[in-house]
Amino acid sequence: MNLQRSYLTDFVSLLFPELCVACRESLVVNEHLLCTGCRYNLPYTNFHLQADNIVARQFWGKINLEAAFALFYFTKGGKIQNMMHEFKYNGMQQIGNLLGSIAGDQIKKNEIFNSADYIIPVPLHKKRLRERGYNQSACFATGLAEKLNAIVEKDNLVRIKSTQTQTHKSRFARFENMQEVFLVSNPEKLINKHVLLVDDVITTGSTLEACGAELLKIDGLRLSIATIAYAE
Ligand SMILES: [Zn+2]
């Protein structure tokens, strides 16, 4: 029976081999989601080794951060884009957990990140959450939390109204558009805590800035940021 099952599994995987979510080559035994080549050679930023990295600099003069990190450089048409597409639009939540765990292994070596008490994912609007079925940033947060021994705080930061499409707006207009959109429902819990705010891809940083500004209204709260990818 087992033998038959294994033949059947082999046969199915011959017809439908599991593909690497980044390069789309067939995976071999013991590879899961990412092939070994991608696992080691994706465009890692190593921003955890560089305090004044480009993500950190994006927030200078705007919100006060302890540290900022992105796991990968995002390039259009590249492997990271393939992977993020599978993650966000093909229901592959496991990718978020895996990337959270890879990111966690890197940043836990940095004392600042390792001191995070809570990990807060940027919330999706309810309507978007219903459509997608999961918040991609929360999947990333879960993987990170295990490595950092921190707690994922999912429902404290809430998005209180939907934003209009932002594609044609200027950076300032985008920031304005994000204002008043996020609210902390239980601020007392976060007093004097170090919060790691996480999102999937950082582009203009306006969403993270709006969330961060809201969180920083809380007494003694220290804030850091981590994202899966940084897009120039
Ligand atoms: Zn690959």
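Visitor: Looking at this structure, I do not really get the overall build of the protein. What am I missing?
Guide: What the protein contains, in helices and strands, is 10 helices and 7 strands. A buried classification covers 48% of the 232 residues belonging to the protein. Of the contacts made within the protein by residues no fewer than 6 positions apart, 74% connect residues no fewer than 24 positions apart. In the form shown here, the protein has an accessible surface area of approximately 12,600 Å², with 50% of it arising from carbon and sulfur atoms.

Visitor: Which parts of the structure should I look at to understand the nonpolar core?
Guide: Looking at soluble globular proteins, one finds that nonpolar side chains tend to be buried together. Residues Leu-34, Phe-72, Met-83, Leu-196, Leu-197 and Leu-215 are the most contacted members of the largest nonpolar core, which totals 71 residues. Sorting elements by how many residues they give to this core places strand 7 (residues 222-231) first, with 7 residues. In this structure, this core is formed jointly by two domains, domain 1 (1-41) and domain 2 (44-231), each of which donates at least three residues. Those residues in contact with Phe-72 that lie beyond four places of it in its chain are Leu-42, Pro-43, Tyr-44, Thr-45, Ile-80, Met-83, Leu-99, Ile-228, Ala-229 and Tyr-230.

Visitor: Looking at this structure, I do not really get the coordination of the zinc ion. What am I missing?
Guide: Note on metal sites: the ideal angle is 109.5 degrees for four tetrahedral donors, and 90 or 180 degrees for six octahedral donors. Taken together, Cys-20 (SG), Cys-23 (SG), Cys-35 (SG) and Cys-38 (SG) make up the full set of protein donors to the zinc ion, lying 2.3 Å away. Metal-centred angles of 104 to 116° between the 4 donor atoms at the zinc ion mark the site as tetrahedral.

Visitor: Even after reading the chapter, I still don't get the sheet that holds strand 3 (residues 151-152), so can you show me in this structure?
Guide: Sheets are built from strands paired through backbone hydrogen bonds, the pairs being either parallel or antiparallel. With respect to topology, 5 strands assemble into an open sheet ordered 1-7-6-2-3, the strand pairing being parallel. The sheet is open, and its two edges are formed by strand 1 (68-74) and strand 3, each paired on a single side. Where helix 5 (residues 94-107) meets the sheet, its contacts fall on strand 1, strand 6 (194-202) and strand 7, and the angle it forms with strand 1 comes to roughly 125°. Packing of helix 10 (residues 206-215) onto the sheet brings it into contact with strand 2 (118-121), strand 6 and strand 7, and relative to strand 6 it is tilted by some 165°.

Visitor: What is the right way to read the pattern of salt bridges from this model?
Guide: Any two side chains of opposite charge can pair, given that their charged atoms come close. Here the structure, examined in full by the defined rule, presents 6 salt bridges. Between Lys-108 and Asp-105 there is a salt bridge, with its nearest N and O atoms 3.3 Å apart. Residue classification places Lys-108 among the partly exposed positions, given a relative accessible area of 34%. Measuring nitrogen to oxygen at the nearest pair gives 2.9 Å for the salt bridge that ties Lys-189 to Glu-153.

Visitor: Where do I start with the side chain of Asn-82 in this structure?
Guide: Within the secondary structure, Asn-82 is located in helix 4 (residues 79-89). In contact with Asn-82, not counting residues within four places along its chain, are Val-21, Ala-22 and Arg-24.

Visitor: What exactly am I supposed to notice about helix 4 here?
Guide: For an α-helix, 3.6 residues make a turn, and residues three or four places apart therefore share a direction. Taken residue by residue, helix 4 has Ile-80, Asn-82, Met-83, Met-84, Glu-86, Phe-87 and Lys-88 as its buried positions. One or two residues past the end of helix 4 sits Gly-91, with phi positive at roughly 75°.

Visitor: Where do I start with the packing of aromatic side chains in this structure?
Guide: Each aromatic ring pair is summarised here by two numbers: the centre-to-centre distance and the angle between the ring planes. For the structure on display, the rule yields 5 aromatic pairs. Arranged with centres 5.6 Å apart and planes meeting at 85°, the rings of Phe-47 and Tyr-73 form a pair that is edge-to-face. Of this pair, Phe-47 sits in the loop between helix 2 (36-41) and helix 3 (54-58) while Tyr-73 sits in strand 1; the two residues are 26 residues apart in sequence, bridging distant segments of the chain. Ring pairing ties together the aromatic residues Phe-47, Tyr-73 and Tyr-230, which thus form one cluster.

Visitor: Teacher, can you tell me more about the environment of Glu-18 here?
Guide: Its place among the elements puts Glu-18 in the loop between helix 1 (2-15) and helix 2. Counting along the chain gives 16 residues from Glu-18 to Leu-34, while the straight-line C-alpha distance between them is 9.9 Å. Apart from residues no more than four positions distant in its own chain, Glu-18 is found in contact with Glu-25, Ser-26, Leu-27, His-32 and Leu-33.

Visitor: Is there a simple way to explain the pairing of strand 7 in this structure?
Guide: Working note: regular strand, side chains alternate between the two faces of the sheet. Within strand 7, 9 of the 10 residues are buried, which leaves the element mostly enclosed by the surrounding structure. When strand 6 meets strand 7, the two strands line up parallel, connected through 8 bridges. Its bridge partner being in strand 7, Leu-196 is matched across the sheet by Ser-224. Regarding the hand of the β-α-β motif, the stretch spanning strand 6, helix 10 and strand 7 is right-handed.

Visitor: Help me understand the packing of helix 4 against helix 5, please; the structure alone is not making it clear to me.
Guide: At a closest axis distance of 8 Å, the pairing of helix 4 and helix 5 adopts a crossing angle of 125°. Viewed along their axes, helix 4 and helix 5 adopt a mutual orientation that is oblique. Here Met-83, Glu-86 and Phe-87 of helix 4 lie close against helix 5, whose contacting residues are Ile-95, Gly-96 and Leu-99.

Cut-offs applied
- Residues numbered from 1 in each chain as written.
- Predicted model: local features only at pLDDT ≥ 70, side-chain atom pairs only at ≥ 80, totals over all residues.
- Heavy atoms only, no water.
- Helix = DSSP H or I, 4+ residues; strand = E, 2+ residues; numbered from the N terminus.
- Buried < 20%, exposed > 50% of the residue type's maximum accessible area, 1.4 Å probe, protein only.
- Contact = heavy atoms within 4.5 Å.
- Areas by Shrake-Rupley, 256 points an atom, 1.4 Å probe, with all protein chains shown as cover.
- Core = buried A, V, L, I, M, F, W, Y, C linked by side-chain atoms within 4.5 Å.
- Domains from an automatic or database assignment.
- Donors = N, O, S within 2.8 Å, 3.2 Å for Na, K, Ca; no water.
- Tetrahedral: all angles 85-135°; square planar, octahedral: opposite > 155°, others 65-115°.
- Pairing = 2+ DSSP bridges.
- Axes fitted to C-alpha atoms, helices over the stretch in contact; angles between N-to-C directions.
- Salt bridge = Lys/Arg side-chain N within 4 Å of Asp/Glu carboxyl O.
- Phe/Tyr/Trp six-rings, centres within 6.5 Å; stacked < 30°, edge-to-face > 60°.
- Right-handed = clockwise from strand over helix to strand, strands pointing away.
- Parallel < 35°, antiparallel > 145°, perpendicular 65-115°, else oblique.

Just distances and angles here, no functional claims.
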